[in-house]
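Structure assessment
Residues per chain, in single letters:
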Amino acid sequence: QVQLAESGGGLVQPGGSLRLSCQASGRVAEIQSMSWFRQAPGKQRELVASTSRLGSTTVADSVRGRFTIIRDNAKSTVALQMNSLKPEDTAVYYCHVRSGSDGLVVNWGQGTQVTVSS
């Protein structure tokens, strides 16, 4: 299993920036993909950005050009740099990893609240 610890959420004004961080521990050598999801009140959890072990990335259309996912395999971390934040980015953000040789073991972080409001 992989344990995940997130940090960096908070309250920010529209147009501002935040950086979320996720530290993985445990069986980190088996991590395949590392991702960020978010869930706004009354909505389904959605993928924000994902990065594979080899560095390929996927970014949701709604955040492309504003959010960047940054993975450091040596430190077993994944960060989400969020710029030009909008009120609609308000959500609980979750770190997510797939591990194991087949990538079928899934672990979630506890979530961190991001609120974009003036």
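So, here is what we can say about the structure in this document.

1. With respect to the state of the cysteines
Counting across every chain of the model gives 1 disulfide. Put simply, Cys22 and Cys95 are joined by a disulfide, and their sulfur atoms are 2.1 Å apart. When the S-S torsion is -85°, as for the bridge of Cys22 with Cys95, the disulfide is left-handed. Taken as a pair, Cys22 in strand 3 (residues 18-26) and Cys95 in strand 9 (residues 91-99) lie far apart in primary sequence, 73 residues in all. The pair Cys22 / Cys95 is uniform in exposure class, with both members buried.

2. Let's talk about the pairing of strand 3
Where strand 1 (residues 2-7) meets strand 3, 6 bridges bridge the pair, whose relative direction is antiparallel. Note on strand 3: the bridge partner recorded for Ala5 is Gln23. Inspection of the sheet shows strand 3 paired to strand 8 (residues 77-82) by 6 bridges, in the antiparallel sense. From the neighbouring strand, Cys22 faces strand 8, where its bridge partner is Val78.

3. Looking at the sheet that holds strand 3
Strand order in the open sheet formed by 4 strands is 1-3-8-7, with antiparallel pairing between adjacent strands. Bordering the open sheet on either side are strand 1 and strand 7 (67-72), each of which pairs with just one other strand. On average, each strand axis in the sheet is tilted by 15° relative to the strand beside it, whichever way the strands run. By the bridge criterion, 6 bridges tie strand 7 to strand 8 in an arrangement that is antiparallel. Across the sheet, the residue bridging to Ile69 is Leu80, located in strand 8.

4. Let's talk about the environment of Ser50
Inspection of the secondary structure assignment puts Ser50 in strand 5 (residues 46-51). Judged by its relative accessible area of 16%, Ser50 is buried. In the structure, Ser50 is positioned 18 residues away from Thr68 in sequence and 9.7 Å away in space, judged by C-alpha atoms. Apart from residues no more than four positions distant in its own chain, Ser50 is found in contact with Ser33, Met34, Ser35, Ser56, Thr57, Thr58 and Ile69. At a separation of 2.7 Å, a polar atom in the side chain of Ser50 contacts the side chain of Ser35.

5. Re the pattern of salt bridges
Overall, the coordinates contain 5 salt bridges when judged by the stated rule. Put simply, Asp89 and Arg66 hold a salt bridge, and the shortest N to O gap is 2.8 Å. Taken together, the residues Asp89 in the loop between strand 8 and strand 9 and Arg66 in the loop between strand 6 (57-59) and strand 7 connect sequence positions 23 residues apart. The two residues Asp89 and Arg66 agree in class, both being buried. Each of Arg38, Glu46, Arg66 and Asp89 takes part in a single network of salt bridges with overlapping partners.

Thresholds applied
- Residues numbered from 1 in each chain as written.
- Predicted model: local features only at pLDDT ≥ 70, side-chain atom pairs only at ≥ 80, totals over all residues.
- Heavy atoms only, no water.
- Disulfide = S-S within 2.5 Å.
- Helix = DSSP H or I, 4+ residues; strand = E, 2+ residues; numbered from the N terminus.
- Buried < 20%, exposed > 50% of the residue type's maximum accessible area, 1.4 Å probe, protein only.
- Pairing = 2+ DSSP bridges.
- Axes fitted to C-alpha atoms, helices over the stretch in contact; angles between N-to-C directions.
- Contact = heavy atoms within 4.5 Å.
- Polar contact = N/O pair within 3.5 Å; in protein donor to acceptor, adjacent residues only side chain to side chain.
- Salt bridge = Lys/Arg side-chain N within 4 Å of Asp/Glu carboxyl O.

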